[in-house]
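Listed below, chain by chain, are the residues.
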Amino acid sequence: MDLLHLPAAQVRYDALVILLYPGQSVKIGRAAENEIVIRDNRVSRVHASLEWNGSGFTLRDLSSANGTFVNGQRLAASARLLRDGDEITLGMQILIYEIARAEPSELPAETAIIDPGLPPPSRGPRLVVSAGPDQGQEYALWGEVIIIGRASREATWEIRLSDREVSRPHARLERRDGTLFLVDLESANGTLLNGVPLAGPAALDEGDVISIGSTRLTFYPR
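The following refers to the structure shown. Remember, predicted model here, so these are calculated numbers, not experimental data.

What about the overall build of the protein chain?
Inference 1: Within the protein chain, the secondary structure is distributed over 0 helices and 23 strands.
Inference 2: Counting only residues that meet the buried cut, the protein chain has 45% of its 222 residues in that class.
Inference 3: Long-range pairs, those at least 24 residues apart, make up 42% of the contacts in the protein chain between residues at least 6 apart in sequence.
Inference 4: Total accessible area on the protein chain is roughly 11300 Å²; 48% of this is exposed by carbon and sulfur atoms.

Spelled out as structure tokens, the structure:
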């Protein structure tokens with residue numbers, strides 16, 4: 001059977017739909033040369049790729065700075081086969097992968113531009129820097145464990161702050177039964193939650209303020 005007559009897929013972002021055709025390889029990123037362009041500073045210039053494997057599309061992270069997530073789990077080095085309804089997160093943008101219900105056409109997919117000025121349907125849990133050198137930055141909280149620490153060339157943690165008073169690493173967020181807990185990692189200057197030094201793991205609630213060095217991060221669960 002001709003590949004063009006095999007079931008196609010699509011990526012949906014709010015009202016925008018990008019059709020995917022068998023045999024395609026589609027790059028996603030901030031740079032204009034990608035087939036899917038996402039205008040979000042948290043997205044790398046060439047962030048991830050969608051590739052046809054003969055029976056479906058796989059998603060591969062291309063060594064992006066902030067990672068690629070599927071249904072809240074960060075992708076490893078290997079490609080992941082996508083399933084109908086999978087939720088893909090890059091930066092603060094959420095894309096939904098779906099098996100196309102209509103017969104695919106033979107026209108190539110056009111470049112799609114996703115602008116974060118249009119908020120996604122659900123932003124999800126996040127930390128917003130309300131004070132400090134990185135003020136205004138937002139960090140999506142996906143995965144079971146998120147490490148916070150000072151930015152450096154060797155840093156491998158998920159949240160990298162430019163604050164020199166922050167340790168390498170400094171604190172950890174861990175998910176327990178759907179709730180995020182904050183843990184200090186024996187940092188040099190300590191971690192405060194709503195102005196109180198952490199003595200042990202503490203559950204986060206909406207509006208909680210985490211103080212690390214001169215940086216303040218506000219927690220939003222959705």
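Next comes the rest of the write-up.
Examining the sheet that holds strand 8 (residues 73–74)
Inference 1: Taking strand neighbours across the sheet as the criterion, the 6 strands line up as 2-1-11-10-7-8 in an open arrangement whose pairing is antiparallel. Edge positions in the sheet fall to strand 2 (16–20) and strand 8, since each has one partner strand and no second.
Inference 2: With 5 bridges connecting them, strand 1 (residues 9–13) and strand 2 associate as antiparallel partners. The residue bridging Tyr13 from the neighbouring strand is Leu16, located in strand 2.

Some words on the pattern of salt bridges
Inference 1: Scanning the entire structure with this criterion turns up 6 salt bridges.
Inference 2: Of the charged contacts, one joins Glu98 and Arg12 as a salt bridge, the two residues approaching to 2.9 Å between their closest N and O atoms. Here Arg12 lies in strand 1 and Glu98 lies in strand 11 (residues 93–99), a separation of 86 residues in the sequence.
Inference 3: The exposure class of Glu98 is buried, given its relative accessible area of 17%.

Regarding the packing of aromatic side chains
Inference 1: Under the counting rule described, the total for this entry stands at 1 aromatic pair.
Inference 2: Aromatic pair Trp52 and Phe57: ring centres 5.1 Å apart, planes at 65°, arrangement edge-to-face. Phe57 carries the same exposure label as Trp52, and that label is buried.
Inference 3: Here the basic side chain of Arg176 rests over the ring of Phe181, its NZ or CZ set 4.6 Å away from the ring centre.

Concerning the pairing of strand 17 (residues 171–176)
Inference 1: The pairing of strand 15 (residues 145–150) with strand 17 spans 4 bridges and is antiparallel. For Ile147, the partnering residue across the bridge sits in strand 17 and is Arg172.
Inference 2: Across 6 bridges, the pairing between strand 17 and strand 18 (residues 179–184) is antiparallel. Counted as the bridge partner of Ala171 is Asp184 from strand 18.
Inference 3: The turn joining strand 17 and strand 18, which pair antiparallel and follow one another in sequence, is formed by 2 residues; a positive phi near 50° is taken by Asp177.

Thoughts on the layout of surface pockets
Inference 1: Estimated volume of the largest pocket: approximately 400 Å³.
Inference 2: Lining the largest pocket are 20 residues, and of these Arg42, Ala65, Asn66, Tyr139 and Glu158 sit closest to its centre.
Inference 3: Considering every element that reaches the lining of the largest pocket, the biggest residue donor is strand 14 (residues 138–140), with 3 residues.
Inference 4: Class assignment of the residues belonging to the lining of the largest pocket gives a composition of 9 nonpolar, 6 polar and 5 charged.

Definitions and limits used
- Residues numbered from 1 in each chain as written.
- Predicted model: local features only at pLDDT ≥ 70, side-chain atom pairs only at ≥ 80, totals over all residues.
- Heavy atoms only, no water.
- Helix = DSSP H or I, 4+ residues; strand = E, 2+ residues; numbered from the N terminus.
- Buried < 20%, exposed > 50% of the residue type's maximum accessible area, 1.4 Å probe, protein only.
- Contact = heavy atoms within 4.5 Å.
- Areas by Shrake-Rupley, 256 points an atom, 1.4 Å probe, with all protein chains shown as cover.
- Pairing = 2+ DSSP bridges.
- Salt bridge = Lys/Arg side-chain N within 4 Å of Asp/Glu carboxyl O.
- Phe/Tyr/Trp six-rings, centres within 6.5 Å; stacked < 30°, edge-to-face > 60°.
- Lys NZ or Arg CZ within 6 Å of the ring centre and 35° of its normal.
- 1 Å grid on protein atoms, 1.4 Å probe; cavity = no way out; pocket = protein on both sides within 12 Å on 5 of 7 lines; lining within 4 Å.
- Points joined across faces, edges and corners; volume = space filled by probe spheres on them.
- Nonpolar A, V, L, I, M, F, W, Y, C, P; charged D, E, K, R; others polar.

Honestly, it's all geometry; don't read function into it.
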